[in-house]
Amino acid sequence: MSTEAAPTTTYTGEFAVPADHAPAADPTRQILADRVEQLYRQSVPGTLLTLFVGAIITVELWTSFYRDLTVIWWLITIAISAARYGLYRAYLERVDHDEKKWLRWMAIGALAAGVNWGIASAVIFPSHTDNQQVFLAFILAGLISGGIALFASVWWTYAIYAVGIILPFTYVLANSGSRMFVELALLMPVFYLANVVVAYRLDHVFTSGFKAREDYRGVAQEQKVMTAQIEEQLQELLNARREVEASGRKLSLFAERAPIAVLEFDANATVLEMNPAAENLFGYALGELVGRNALQMLFPADELGINESWWRDFLSGVEPATFSRLRCLRRDGLDIMCEFTLTPLVNDEDDVISVIAQGRDITQQIEAERLKKEFTSTLSHELRTPLTSIIGSLQLINSGVLGDVEKDVSELTTIAERNGQRLLDLINDLLDIEKIESGKFTLAPEVVSIDSLLRDTLVLNKGFADRYHVQLVIGKDLAPAKVEADPKRLVQVVTNLLSNAAKFSPEGGAVDVTLKLDGDRVRVGVHDRGPGIPDAFRSRIFSRFAQADSTATRQKGGTGLGLAICKRLIELMHGSIGFEDRPGGGSTFYFELPVLGDKAVSNLEQLGAAQ
């Protein structure tokens with residue numbers, strides 16, 4: 001039975017499983033609803049059975065004496081049947097789900113049906129012959145027993161229905177005057193109780209069945225959800241598989257077309273796979289290297305960077321390894337220098353599955369760098385010697401030692417001297433940066449009073465600042481601090497920072513120099529009021545030949561090497577250098593150096609005196 005208000009039910013096998021039915025939040029309430037629904041399902045067959053049995057009794061007992069009573073009884077029966085059918089229709093069209101209310105109405109209808117039969121038996125039974133009385137008794141017993149099938153899903157509705165029949169009938173039997181009927185009257189309560197017990201037990205059977213059905217609904221819903229989840233997971237796995245396959249094809253294509261050599265080794269350094277670039281690099285065909293030991297085939301025996309011992313340590317560490325310069329062996333016996341990265345691939349247990357090696361030949365690059373350094377060094381030395389003589393000659397002319405010169409000539413010689421000095425600074429910067437990067441640069445460290453060095457450096461740079469109409473201002477209360485540094489190179493760093501600040505400060509402005517102690521480090525800051533540093537330039541400001549791409553920078557000049565040299569010099573002196581925006585506009589460049597304690601200063605001074 002299904003209506004708009006009732007759940008849609010699909011019957012399959014033994015149980016009824018509602019379509020898209022979620023398990024009830026309150027199983028007890030749902031079981032009660034199922035029991036009430038069962039009662040209403042049986043109400044229509046019960047009503048039809050009442051009318052059918054009534055028709056048989058009417059045909060059998062129709063006499064002129066009881067014709068009026070029979071008509072009245074039929075009117076009452078039809079009224080009760082119509083009311084019960086109306087109740088059934090109201091139940092189907094209900095908008096509320098107050099099952100207890102509908103159960104009460106069903107109990108009233110059952111009681112009315114039972115009382116109707118009971119009163120009819122009390123009126124009709126006594127006046128008939130023995131055969132007719134036996135027939136009526138049989139009919140009433142059948143109605144009482146048949147009511148079990150109609151009302152057993154809620155046992156007490158059956159008890160109400162049956163008591164409505166038995167009480168009047170038992171009363172009639174007890175007062176009939178017949179010994180047999182009196183004895184039958186005594187058995188009627190026993191018969192009633194036996195039927196109620198049967199109804200009670202059937203009630204429990206129905207309840208267990210409804211509970212099992214509700215449990216099955218829950219299991220079916222869970223299975224449906226689980227099936228949907230499994231389908232979703234299978235789809236995700238299928239999608240993941242497709243993605244993995246696509247990624248695998250991309251990686252294979254990448255490795256095959258990559259301009260760098262890509263090789264795969266197992267945990268024993270056996271070659272498993274290699275791309276065409278690796279074949280070109282080492283001169284081996286794929287079939288010649290696969291299955292061979294890479295440590296023996298690709299790297300010379302005397303190469304300390306990668307050997308059996310290193311390989312074992314590499315596998316145990318399970319970390320990528322990078323070689324900026326690694327000597328490798330070609331098939332033709334030539335040694336080549338390569339840049340290599342080895343990355344281990346591990347499983348969930350951190351066991352190495354394979355090792356991916358990526359490398360490229362840098363032999364020509366190394367040779368080109370060597371030639372470039374030699375050329376730069378040679379050219380710088382060859383340029384510096386005649387340039388020093390030219391600058392010296394111009395200085396003699398401009399100083400007036402050789403006599404007075406005309407104003408126009410003096411202006412030209414001054415410009416020539418200034419640009420010659422710029423060219424000499426550039427050459428010196430190139431030599432410095434080349435020495436630093438080649439590892440040939442050495443410092444002469446000693447104990448330096450950094451506050452005194454700052455004051456002396458400001459005096460040396462005053463003339464340069466005056467050219468830009470900028471003042472160099474140093475704090476009056478400088479914290480006295482001593483550091484271990486090369487004083488000449490430290491003056492070079494401070495000079496470079498001061499000259500940059502003076503060049504980019506507005507005319508009439510000031511460059512402030514500060515000195516602060518911060519624990520075991522001292523911080524020197526140079527603060528300008530210039531335009532600041534562009535965001536796009538910040539990441540490469542300490543790189544070689546780095547210059548902000550602006551008109552002001554180009555007009556002020558500069559090689560782009562000064563800050564790069566400052567950074568390397570400060571790092572060689574175990575310090576650090578950086579920059580930050582200055583509040584109110586401008587920039588602050590600073591460097592920090594470790595401060596020497598009194599004991600360290602004493603030891604270094606004694607060491608210097610001994611030398």
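Look a little higher up for the structure.
What you see is a predicted model; the values in this text were computed from it and never measured.

1. Digging into the overall build of the protein chain
Within the protein chain, the regular secondary structure consists of 18 helices and 14 strands. By the burial criterion, 38% of the 611 residues in the protein chain qualify as buried. Sequence separation of at least 24 residues holds for 64% of the intrachain contacts in the protein chain that already meet a minimum separation of 6. As presented, the protein chain carries roughly 34,900 Å² of accessible surface, and 58% of it is formed by carbon and sulfur atoms.

2. Description of the pattern of salt bridges
Between side chains of opposite charge, a pair can form when the charged atoms approach closely. On inspection of all chains with the given rule, the structure shows 17 salt bridges. Asp-332 is the partner of Arg-330 in a salt bridge, and the nearest nitrogen-oxygen pair spans 3.3 Å. Residue Asp-332 is classed as partly exposed on the basis of its relative accessible area, which comes to 48%. Residues Lys-462 and Asp-466 are paired through a salt bridge, measuring 3.2 Å at the closest nitrogen-oxygen approach.

3. Re the environment of Val-196
Position of Val-196 among the secondary structure elements: in helix H6 (residues 179-257). Of the residues examined, Val-196 reaches a relative accessible area of 12% and is grouped as buried. Sequence spacing of Val-196 and Ala-159 is 37 residues, and the spatial spacing of their C-alpha atoms is 6.0 Å. In this view, Val-196 contacts Trp-155, Tyr-158 and Ala-159; residues no more than four positions away in its chain are not counted.

4. What about the sheet that holds strand E7 (residues 352-361)?
Adjacent strands of a sheet form backbone hydrogen bonds with each other and so pair up, either parallel or antiparallel. The five strands lie next to each other as E4-E3-E7-E6-E5, forming an open sheet whose pairing is antiparallel. The two strands at the open ends of the sheet, each matched to only one other strand, are strand E4 (271-274) and strand E5 (321-329). In this sheet, neighbouring strand axes are inclined to one another by 30 degrees on average, regardless of whether the strands run parallel or antiparallel. The pairing of strand E6 (residues 335-346) with E7 spans nine bridges and is classified as antiparallel. Bridge pairing links Leu-345 to Ser-354 in E7.

5. Observations concerning the pairing of strand E11 (residues 510-518)
Here strand E9 (residues 471-474) runs beside E11; their pairing, made up of four bridges, is parallel. What sits directly across from Gln-471, in E11, is Ala-510. Relative to strand E12 (residues 521-527), E11 runs antiparallel, the two being bridged by seven bridges. Within E12, the residue paired with Val-513 across the bridge is Val-526. Linking two consecutive strands that pair antiparallel, namely E11 and E12, is a turn of two residues; a positive phi of about 70 degrees is found at Gly-519 within it.

6. Here we look at the nonpolar core
The biggest cluster of nonpolar side chains holds 43 residues, and the ones touching the most others in it are Ile-450, Leu-490, Ile-541, Ile-570, Phe-589, Phe-591 and Leu-593. Core analysis: the second largest hydrophobic core is formed by 42 residues, Tyr-88, Ala-113, Leu-150 and Val-154 among them.

7. Concerning helix H5 (residues 155-174)
Given 3.6 residues to a turn, an α-helix orients residues that are three or four positions apart in the same direction. With 20 residues, H5 extends 27 Å from end C-alpha to end C-alpha; this agrees with the ideal 28 Å at 1.5 Å per step. In H5, a bend of some 25 degrees at Val-163 exceeds every other bend along the element.

8. Considerations on the side chain of Asn-461
Secondary-structure assignment places Asn-461 in the loop between helix H13 (450-460) and helix H14 (462-467). Here Asn-461 falls in the buried class, since its relative accessible area comes to 8%. Filtering out sequence-adjacent residues up to four positions away, Asn-461 remains in contact with Leu-472, Thr-495 and Leu-498.

9. Regarding the packing of helix H15 (residues 487-503) against helix H17 (residues 562-572)
Helix-helix packing is described using two parameters, namely the angle between the two axes and the distance between the axes. Following both chains from N to C, one finds H15 and H17 inclined at 145 degrees, their axes separated by 10 Å at the closest point. Crossing handedness for the pair H15 and H17: left-handed. The segment H15 lies against H17, with Arg-489, Leu-490, Gln-492, Val-493, Asn-496, Leu-497 and Asn-500 engaging Gly-562, Leu-563, Ile-565, Cys-566, Leu-569 and Ile-570. Per-class residue counts for the contact of H15 with H17 are eight nonpolar, four polar and one charged.

10. A word on the state of the cysteines
Across all of its chains, the model carries zero disulfides by this definition. With no disulfide of its own, Cys-328 has Cys-338 as its nearest cysteine by sulfur position, at a separation of 3.7 Å. Of the residues examined, Cys-328 reaches a relative accessible area of 0% and is grouped as buried.

11. A few points about the packing of aromatic side chains
Considering all chains together, one arrives at 18 aromatic pairs under this definition. On the basis of an interplanar angle of 35 degrees and a centroid distance of 5.0 Å, the ring pair of Phe-151 and Tyr-161 is categorised as tilted. Of this pair, Phe-151 sits in helix H4 (residues 130-151) while Tyr-161 sits in helix H5, and the two are ten residues apart along the sequence. There is no split in this pair, since Phe-151 and Tyr-161 are both buried. Where Trp-310 meets Phe-314, the ring centres are 5.0 Å apart and the plane angle is 10 degrees; that geometry is what we call stacked.

12. Remarks on the environment of Arg-523
Relative to the helices and strands, Arg-523 is located in strand E12. The exposure class of Arg-523 is partly exposed, given its relative accessible area of 27%. Not counting residues within four places of it along the chain, the set of residues in contact with Arg-523 comprises Thr-514, Leu-515, Lys-516, Glu-580, Tyr-590, Phe-591 and Glu-592.

13. Thoughts on the side chain of Glu-99
Along the chain, Glu-99 turns up in helix H3 (residues 99-124). Glu-99 has contacts with Leu-32, Ala-33, Val-36, Tyr-91 and Arg-94, leaving out every residue within four places of it along the chain.

14. Here's the deal with the sheet that holds E9
The five strands are arranged E9-E11-E12-E14-E13 in an open sheet whose pairing can be described as mixed. Edge positions in the sheet fall to E9 and strand E13 (576-581), since each of these pairs with one other strand and no more. Across this sheet, the average inter-strand angle for adjacent strands is 20 degrees, counted without regard to direction. Bridge count between E12 and strand E14 (residues 587-594): seven bridges; the pairing is antiparallel. Within E14, the position partnered with Val-524 by the bridge is Phe-591.

Cut-offs and rules
- Residues numbered from 1 in each chain as written.
- Predicted model: local features only at pLDDT ≥ 70, side-chain atom pairs only at ≥ 80, totals over all residues.
- Heavy atoms only, no water.
- Helix = DSSP H or I, 4+ residues; strand = E, 2+ residues; numbered from the N terminus.
- Buried < 20%, exposed > 50% of the residue type's maximum accessible area, 1.4 Å probe, protein only.
- Contact = heavy atoms within 4.5 Å.
- Areas by Shrake-Rupley, 256 points an atom, 1.4 Å probe, with all protein chains shown as cover.
- Salt bridge = Lys/Arg side-chain N within 4 Å of Asp/Glu carboxyl O.
- Pairing = 2+ DSSP bridges.
- Axes fitted to C-alpha atoms, helices over the stretch in contact; angles between N-to-C directions.
- Core = buried A, V, L, I, M, F, W, Y, C linked by side-chain atoms within 4.5 Å.
- Expected span 1.5 Å × (residues − 1).
- Bend = angle between axes of the 7 residues up to and from the residue.
- Left-handed = near helix turned anticlockwise from the far one by under 90°.
- Nonpolar A, V, L, I, M, F, W, Y, C, P; charged D, E, K, R; others polar.
- Disulfide = S-S within 2.5 Å.
- Phe/Tyr/Trp six-rings, centres within 6.5 Å; stacked < 30°, edge-to-face > 60°.

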